[in-house]
2 protein chains.
Amino acid sequence: MTRIAIDAMGGDHAPFEIVAGAVWAAAEYGVALELVGKRDLIEDCLEKIQKDGFMSPCGKIGRNKRVRVDVKSLDIKITHASEIIEMGEAPGQAIRKKKNSSIVLTVNSVATGSSDALVAAGSTGAAMAASLFGLGRIPGIDRPAIAVTLPTMKKPVVVIDGGANSNCTPQMLKQFAIMGRIFSKNVLDIENPKTGVLNIGEEAGKGNELAQSVYNILEEEKEKYNFMGNIEGRELFLNHCDIVVCDGFVGNVVLKVTEGTASMLFKMIKSEFKSDFLGMLIGLLAKPFMKRIYEKINYEEFGGMLLLGVKGITVISHGRSKAYAIKNAVRVAKEAVETQVNRKIAESIETN
Amino acid sequence: MTRIAIDAMGGDHAPFEIVAGAVWAAAEYGVALELVGKRDLIEDCLEKIQKDGFMSPCGKIGRNKRVRVDVKSLDIKITHASEIIEMGEAPGQAIRKKKNSSIVLTVNSVATGSSDALVAAGSTGAAMAASLFGLGRIPGIDRPAIAVTLPTMKKPVVVIDGGANSNCTPQMLKQFAIMGRIFSKNVLDIENPKTGVLNIGEEAGKGNELAQSVYNILEEEKEKYNFMGNIEGRELFLNHCDIVVCDGFVGNVVLKVTEGTASMLFKMIKSEFKSDFLGMLIGLLAKPFMKRIYEKINYEEFGGMLLLGVKGITVISHGRSKAYAIKNAVRVAKEAVETQVNRKIAESIETN
């Protein structure tokens, strides 16, 4: 049975929502768990869940439902971690200093083979650094990167890097393109994914130095990458490309601006419908339709982002993740174990 | 009477929609025009508009209406330009080579005092380069920048730079903060605007080298800038800040991702309502509400973005602008003449 290690102490709603999401996933997807964190807190959470269950939207927005999980029927291992890395700490220093932190021990459990993959919703920087240090880089990959799957009208588009590396070289972005390609093929089942460079104009020669250099590098091996040239922010959602490469600063901004815009629009719609009585009535009728759209784009459905380029599987979840998002993150981790995307990256780099 | 010069040949829908938007604005806002481009084409457009009017959404999305303008009653000067700078051309080279291009002559008309401000919907790079070369920099400003006004739930937020400079130094971003502040005060009437740095985390020390350096520079004069620290993409729309500084590559990506996300969501909503008969009915009822939201965020309402830091007023419009967007761009230009934002930037830099 696949075992997923979870940093039970990471994220805004840790430990309860994290533990709840993990056991929910274990029951639903048939995986074993390794919960890493303060043993007494984790045990309290498990006991509470066994007794009362927990409230969660169950994938539908709107009203919470009570979710019940028979915790005792699950294969759960608890690994005690006495320390926690906080959001503000410098990741590199923190993981060296806090060897008994939950994130370091979560990574260790994958490094030693006790678990098959890990999920972390705490500091992204710490999860990155711990994974890099604990699992090691795939030879030939200079820096691991986060693959973000953005929803579009048709199939999702992979933005890589989604925030692991703020300062990038053209060579790094070339490697992101290779990793994104393997992810797209193996995880999203896209046969010959199309690759683009995120840029601020269509024509070659547009954009900053990084985008220009990467354009030239990918253009040289156009067929290998199924390279489509530059992609503007507006076209990201139009399925011109399956993979879009950029540095982690820009990628993270894209991810969050998408989230922010969608959230603002839903708020605007809500407030517009509330402007008069007729509006409230129509708004009520329109609600199920709006819900379906919200579900299509809600980050909680995606659960987590894969860190590509390390020798092991790390799924990074949103810091705001509650049980439902964590459940989906565990699903992403399980799928990554099955598709072995990081092993395939290693093989592909070797034969390149 | 304020005279606005318009590059009649720039933009995807030039010359007809550009000329139509310009005369519409002239009639509605009481400004004089200087239309720059191929004389015969411009005259044809004016004749056609005088005779038949033109079709435009009039600020409401949905059905076009026929707009009628009595062209003969307006103060319109035509300046012939024999050349056009195309979208793909390298801006710097193009403006030096094509001295009789419409954009170069449009800028000239402001430089010589024939017009008070200009509107351009063609190549942003060419409009930038021509303005920089033709109008000159404000002393103390290293590079002009584009101020983008993004809609939010409450008041708009200014993102600067919106795409003028792909590669920036920390010093440039400091100047963007100064210019954005004067824009926000004078054009948007915000008394003591709050400034933030666009970044991928809240804490100091997050992000790429540029963001880190700018953070430190603004933090040193925290009160002067009413500096709020780092702002993430998600928070852009939450009015934590009135001005957000970033390099032009990131700013342009933000602008276009916002546009792309909103456009995708509206398409999703449309297609969701079309899924069954009941949906179509509810969709029909909901349409006026959705329209009002669309109008709040539609770039056509904003019309154009001001180029700050040059000795003159340049309004850059979306390449896809049609008459309605151009009409609003002329309004932005007229307001900039009235508020004299670039003169105030010059004064502020002198006293700094």
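Keep in mind that this is a model prediction, so the values were computed, not measured.

Whenever I open this one, the overall build of chain A confuses me. Can you help?
Helices and strands together make up the secondary structure of chain A, namely 13 helices and 13 strands. Against the compact-globule benchmark of 20 Å for 352 residues, chain A has a radius of gyration of 21 Å, which places it among compact chains. Its C-alpha atoms put chain A at 60 × 60 × 35 Å along the principal axes. Burial status across chain A gives 59% buried among its 352 residues. Across chain A, every contact between residues at least 6 apart in sequence was considered, and the portion connecting residues at least 24 apart equals 72%. Entry remark: accessible area of chain A is about 14,100 Å², with carbon and sulfur atoms responsible for 50%. Side chains of chain A give 44 positive and 41 negative charges; the mean places of these two sets differ by 4 Å.

Can you help me understand the pattern of salt bridges in this one?
Close approach of charged atoms lets side chains of opposite charge pair. All names here are of chain B. Counting across every chain of the model gives 28 salt bridges over all chains. Between Glu221 and Lys224 there is a salt bridge, and its shortest N-O distance comes to 3.6 Å. Among the residues examined, Lys224 registers a relative accessible area of 34% and is labelled partly exposed. Residues Arg343 and Glu347 are paired through a salt bridge, measuring 2.1 Å at the closest nitrogen-oxygen approach.

Explanation requested: the interface of chain B and chain A in the structure shown.
Quoted interface sizes are often the accessible area lost when the parts come together. With 58 residues of chain B in contact, the opposing surface of chain A contributes 58 residues. The tally of links between chain B and chain A comes to 4 salt bridges. Salt-bridge contacts for B:Glu259 lead to A:Arg234; the nearest nitrogen and oxygen are separated by 3.0 Å. On the surface where chain B and chain A come into contact, there are 12 residue pairs in polar contact (both at pLDDT 80 or more). Taken together, the elements giving at least two residues each to the side of chain B that touches chain A come down to helix H7 (209-220), helix H9 (248-273) and helix H10 (277-297) of chain B. Looking at the side of chain B that touches chain A, its residues break down into 29 nonpolar, 17 polar and 12 charged.

How should the relation of the copies chain B and chain A be read in this particular structure?
Mapping between the two copies of the chain is achieved by a rotation about an axis and a shift along the axis. Rotating chain B by 180° and moving it 0.0 Å along the rotation axis overlays it on chain A with an RMSD of 0.0 Å. One copy is carried onto the other by what is essentially a two-fold rotation axis.

I would appreciate a short explanation of the nonpolar core in the present structure.
Taken as a class, soluble globular proteins show a tendency for nonpolar side chains to be buried jointly. Among the nonpolar cores identified, the biggest contains 246 residues, and A:Val245 and B:Val245 are the most heavily contacted of them. In contact with B:Val245, not counting residues within four places along its chain, are B:Ile160, B:Leu173, B:Phe176, B:Ala177, B:Gly196, B:Val197, B:Leu198, B:Val214 and B:Leu218.

How should a negative patch on the surface be read in this particular structure?
Residue and element names in this part refer to chain A. Residues Asp40, Glu43, Asp44 and Glu47 make up a contiguous surface patch of negative charge. Structurally, Glu43 can be placed in helix H2 (residues 39-52). Overall, the relative accessible area of 38% leaves Glu43 in the partly exposed class.

Whenever I open this one, the pairing of strand E6 (residues 117-120) of chain B confuses me. Can you help?
Within a regular beta strand, the side chains point alternately toward one face of the sheet and then the other, so they alternate between its two faces. Residues and elements named next belong to chain B. Burial along E6 is two-sided: Ala117 and Val119 and Leu118 and Ala120, pointing in opposite directions, are all buried. Strand direction decides the pairing type here: strand E1 (residues 3-7) and E6, joined by 3 bridges, are parallel. Within E6, the position partnered with Ala5 by the bridge is Leu118. In the sheet, E6 pairs with strand E13 (residues 314-316) via 3 bridges, with the strands oriented parallel. When the bridges of E13 are listed, Ala120 appears paired with Ile316.

In this structure, what is going on with the side chain of A:Thr152? I would like to understand it.
Tracing the backbone shows A:Thr152 in the loop between strand E7 (145-150) and strand E8 (157-160). Residue classification places A:Thr152 among the buried positions, given a relative accessible area of 6%. Here A:Lys155 takes part through its backbone oxygen, which lies 2.7 Å from a polar atom of the side chain of A:Thr152. A distance of 2.9 Å separates a polar atom in the side chain of A:Thr152 from a polar atom in the side chain of A:Asn239. Those residues in contact with A:Thr152 that sit more than four places away from it in its chain are A:Val157, A:Leu236, A:Phe237, A:Asn239, B:Met264 and B:Met268.

Can you help me understand the sheet that holds strand E5 (residues 76-80) of chain A in this one?
Backbone hydrogen bonds hold the strands of a sheet together, and the pairing may be parallel or antiparallel. Residues and elements named next belong to chain A. Spatial ordering of the open sheet is given by E5-E2-E1-E6-E13-E12-E7-E8-E11-E9-E10, a layout of 11 strands whose pairing is mixed. Single-partner strands in this sheet number two, and they are E5 and strand E10 (227-231). Adjacent strand axes in the sheet meet at a mean angle of 25° when their direction is disregarded. Each of strand E6 (117-120), E7, strand E12 (305-308) and strand E13 (314-316) touches helix H5 (residues 124-135); the most contacted strand, E13, lies at about 175° to it.

I would appreciate a short explanation of helix H1 (residues 16-29) of chain B in the present structure.
Think of an α-helix as turning once every 3.6 residues; residues three or four places apart then point the same way. Residues and elements named next belong to chain B. Taking 1.5 Å per residue as the helical rise, H1 with its 14 residues ought to reach 20 Å, and the 20 Å between its terminal C-alpha atoms agrees with that figure. With 10 of 14 residues buried, H1 is to be regarded as a mostly interior element. By the burial criterion, the buried members of H1 are Glu17, Ile18, Val19, Ala20, Gly21, Ala22, Val23, Trp24, Ala25 and Ala26. Once H1 ends, the next one or two residues include Gly30, with phi positive near 65°.

What should I look at first to understand unusual backbone geometry in this one?
Most peptide bonds are trans, and most residues other than glycine sit at a negative phi. Residue and element names in this part refer to chain A. Look at the link from Ala14 to Pro15: it is a cis peptide, with omega at -5°. With respect to the helices and strands, the residue Pro15 is situated in the loop between strand E1 (3-7) and helix H1 (16-29). The omega torsion of the bond from Ile160 to Asp161 falls at 20°, within 30 degrees of zero and hence cis. Here Asp161 shows up in the loop between E8 and helix H6 (170-186).

Looking at this structure, I do not really get the environment of A:Met290. What am I missing?
Of note, A:Met290 is situated in helix H10 (residues 277-297). For A:Met290, a relative accessible area of 9% corresponds to the buried category. With 58 residues separating them along the chain, A:Met290 and A:Glu232 place their C-alpha atoms 27 Å apart. Residues contacting A:Met290, with those up to four places away along its chain left out, are A:Phe266, A:Ile269, B:Ile269, B:Phe273 and B:Met290.

Just to check I follow, could you spell out the packing of helix H9 (residues 248-273) of chain A against H9(B) for this structure?
The description of two helices packed together rests on the angle between their axes and the distance between the axes. Where H9(A) meets H9(B), the closest approach of the two axes is 9 Å, and the angle between their N-to-C directions is 40°. Here H9(B) runs oblique to H9(A), going by the angle between their axes. Read as a crossing pair, H9(A) and H9(B) show a hand that is right-handed. Seen from H9(A), the contacting residues are A:Phe249, A:Val250, A:Val253, A:Val254, A:Val257, A:Thr258, A:Thr261, A:Ala262, A:Leu265, A:Phe266 and A:Ile269; seen from H9(B), they are B:Phe249, B:Val250, B:Val253, B:Val254, B:Val257, B:Thr258, B:Thr261, B:Ala262, B:Leu265, B:Phe266 and B:Ile269. Considered class by class, the residues forming the contact of H9(A) with H9(B) number 18 nonpolar, 4 polar and no charged.

Looking at this structure, I do not really get the packing of helix H4 (residues 102-111) of chain B against helix H5 (residues 124-135) of chain B. What am I missing?
Residue and element names in this part refer to chain B. Packing of H4 against H5 leaves a shortest axis separation of 9 Å and a crossing angle of 35°. Here H4 and H5 pass one another in a crossing that is right-handed. Two secondary-structure elements touch here, H4 through Ile103, Val107, Val110 and Ala111 and H5 through Ala126, Ala127, Ala130, Ser131, Gly134 and Leu135. Grouping the constituent residues of the contact of H4 with H5 by class yields 8 nonpolar, 2 polar and no charged.

Conventions we followed
- Residues numbered from 1 in each chain as written.
- Chains lettered and ligands numbered in written order.
- Predicted model: local features only at pLDDT ≥ 70, side-chain atom pairs only at ≥ 80, totals over all residues.
- Heavy atoms only, no water.
- Helix = DSSP H or I, 4+ residues; strand = E, 2+ residues; numbered from the N terminus.
- Rg over C-alpha atoms; globule rule 2.2 N^0.38 Å.
- Buried < 20%, exposed > 50% of the residue type's maximum accessible area, 1.4 Å probe, protein only.
- Contact = heavy atoms within 4.5 Å.
- Areas by Shrake-Rupley, 256 points an atom, 1.4 Å probe, with all protein chains shown as cover.
- Lys, Arg positive; Asp, Glu negative; His and termini not counted.
- Charge placed at Lys NZ, Arg CZ, Asp CG, Glu CD.
- Salt bridge = Lys/Arg side-chain N within 4 Å of Asp/Glu carboxyl O.
- Polar contact = N/O pair within 3.5 Å; in protein donor to acceptor, adjacent residues only side chain to side chain.
- Nonpolar A, V, L, I, M, F, W, Y, C, P; charged D, E, K, R; others polar.
- Least-squares fit on C-alpha atoms with pLDDT ≥ 70 in both.
- Core = buried A, V, L, I, M, F, W, Y, C linked by side-chain atoms within 4.5 Å.
- Patch = residues over 30% accessible without salt bridge, like charges linked within 9 Å, V, L, I, M, F, W, Y side chains within 5 Å.
- Pairing = 2+ DSSP bridges.
- Axes fitted to C-alpha atoms, helices over the stretch in contact; angles between N-to-C directions.
- Expected span 1.5 Å × (residues − 1).
- Parallel < 35°, antiparallel > 145°, perpendicular 65-115°, else oblique.
- Left-handed = near helix turned anticlockwise from the far one by under 90°.

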